[in-house]
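# Architecture and fold: a report
As a plain string of letters, each chain reads:
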Amino acid sequence: MSASAVFILDVKGKPLISRNYKGDVAMSEIEHFMPLLMQREEEGSLAPLLSHGRVHFLWIKHSNLYLVATTLKNANASLVYSFLYKTVETTDSKILQEYITQQGNKLETGKSRVPPTVTNAVSWRSEGIKYKKNEVFIDVIESVNLLVNANGSVLLSEIVGTIKLKVFLSGMPELRLGLNDRVLFELTGLSGNKNKSVELEDVKFHQCVRLSRFDNDRTISFIPPDGDFELMSYRLSTQVKPLIWIESVIEKFSHSRVEIMVKAKGQFKKQSVANGVEISVPVPSDADSPRFKTSVGSAKYVPEKNIVIWSIKSFPGGKEYLMRAHFGLPSVEKEEEEGRPPIGVKFEIPYFTVSGIQVRYMKIIEKSGYQALPWVRYITQSGDYQLRTS
């Protein structure tokens, strides 16, 4: 180990855990770390390596914790940073909480308690977890990134998906998740017109997933952490039909006022509803005296951002709505020079995924043989969703 000592500090710089490896640097040196960090932060010269005299602090921040290694000169910095990042990667935050508490404890000699995860091969889950009701909640969330040019052509189209779990299961259960994965369907001969499948790209898994098994037969098998965690993420580079289509027309009257008409159309299934829709329409920076008329929802002028936000609480698929905005405009010419930023759209559509991904099954196997209920929820939401106007 190249480090003399390693510390885990709370957000105020108080040591929570420390380990002295070499004994060549006084443990009290860590008291200089936080003042030095704050000073460098104020000066705008913060660096991953800070020095106090002959002692160097190599540090990283994870959530509300600082992991700090102290060294003397000629230490192998890359090895030290590799160790710090490995500590973060291989130790689940819930497991750290078994070591770290904010409460004082009376020391009882002869009774040392080792967190069960230290001796357990599954470092992200403790033994002895018990629930009266065993349940798993699965959220499949897809964000749509879209950029449409002024001619109505799609320049960028991408789906970024995550599968998040909320686990309330007793014991040490094994879970197996089945998706309509195209590669799996082809391996098992399920591909065909009756079985709709999706081709997942850039798949990333939580450390609990057995990667060798997934690589072998596409089975997503794992012993889950307790509570909330992100099981996997994926991406699909596919041509997505814009879920909410926007058209805008700008009319100028002499040199004193301008009218902006915006039409929004829901281009998704009629049985689905987009919630919390916000359409951000750019307006000239010197616009004033706003007046609005909407067929649904409400419009608000946000002068500090030079936009009008049209809010629609509930937007059913297949529907079309209109918004008209009237502004006084001292100088039309200035707006021409500025150019026009794109219209941005925010939305969330529950019970729907744009890719068509489906959870086919969730098997829960535990040696005690209890019955557990899996619940699945699908959500499609806007990511970076922009439409340019002519």
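Parameters at a glance
- Residues numbered from 1 in each chain as written.
- Predicted model: local features only at pLDDT ≥ 70, side-chain atom pairs only at ≥ 80, totals over all residues.
- Heavy atoms only, no water.
- Helix = DSSP H or I, 4+ residues; strand = E, 2+ residues; numbered from the N terminus.
- Buried < 20%, exposed > 50% of the residue type's maximum accessible area, 1.4 Å probe, protein only.
- Contact = heavy atoms within 4.5 Å.
- Areas by Shrake-Rupley, 256 points an atom, 1.4 Å probe, with all protein chains shown as cover.
- pLDDT = per-residue confidence, 0-100.
- Polar contact = N/O pair within 3.5 Å; in protein donor to acceptor, adjacent residues only side chain to side chain.
- Phe/Tyr/Trp six-rings, centres within 6.5 Å; stacked < 30°, edge-to-face > 60°.
- Lys NZ or Arg CZ within 6 Å of the ring centre and 35° of its normal.
- Core = buried A, V, L, I, M, F, W, Y, C linked by side-chain atoms within 4.5 Å.

## What about the overall build of the protein chain?
A tally of helices and strands in the protein chain yields 7 helices and 21 strands. Looking at the protein chain residue by residue over its 390 residues, the buried ones come to 44%. Once local pairs closer than 6 in sequence are excluded, the contacts in the protein chain between residues at least 24 apart make up 69%. Split by element, the accessible area of the protein chain, about 21700 Å² in all, is 49% carbon and sulfur.

## Digging into the confidence of the model for the protein chain
Summing up the model confidence of the protein chain, the mean pLDDT is 86 and the portion of residues at 70 or higher is 87%. In the predicted structure, residues 104-114 sits below a pLDDT of 50 and forms 1 contact with residues beyond four places in sequence or in another chain.

## Some thoughts on the environment of A287
Along the chain, the position of A287 falls in the loop between β14 (273-282) and β15 (288-294). Once the C-alpha coordinates of A287 and F327 are considered, the two residues, 40 residues apart in sequence, prove to be 5.9 Å apart. Aside from chain neighbours lying at most four places away, what touches A287 is Y301, F327, G328 and L329.

## Some points on the environment of D24
With respect to the helices and strands, the residue D24 is situated in the loop between β2 (15-20) and α1 (33-43). Taking the C-alpha atoms as reference, D24 lies 9.9 Å from T70; in sequence the two are 46 residues apart. Setting aside residues no more than four positions away along its own chain, D24 makes contact with S4 and L72. Here S4 takes part through its side chain, which lies 2.8 Å from a polar atom of the side chain of D24.

## Considering the packing of aromatic side chains
Enumeration over the complete set of coordinates arrives at 11 aromatic pairs. Aromatic side chains F137 and F168 sit 6.2 Å apart centroid to centroid with 80 degrees between the ring planes, which places their arrangement in the edge-to-face category. Remark: F168 occurs in strand β7 (residues 154-168) and F137 occurs in strand β6 (residues 135-148); sequence separation between them is 31 residues. Note on F168: relative accessible area 28%, which makes it partly exposed. The rings of F33, F57, W59 and Y66 are connected pair by pair, giving a single aromatic cluster. In this structure, K363 is placed above the aromatic ring of Y361, and the distance from its NZ or CZ to the ring centre is 5.1 Å.

## A few points about the nonpolar core
By size, the foremost hydrophobic cluster in this structure holds 70 residues, and its most contacted members are I163, L165, I220, F222, L231 and I279. If one sorts the elements of this core by residue count, β6 sits on top with 6 residues. Residues within four places of I163 in sequence aside, it is in contact with I138, D139, V140, L177, L179, E230, L231, M232 and Y234. One finds F7, I30, F33 and M34 within the second-largest nonpolar core, a separate group that totals 16 residues.

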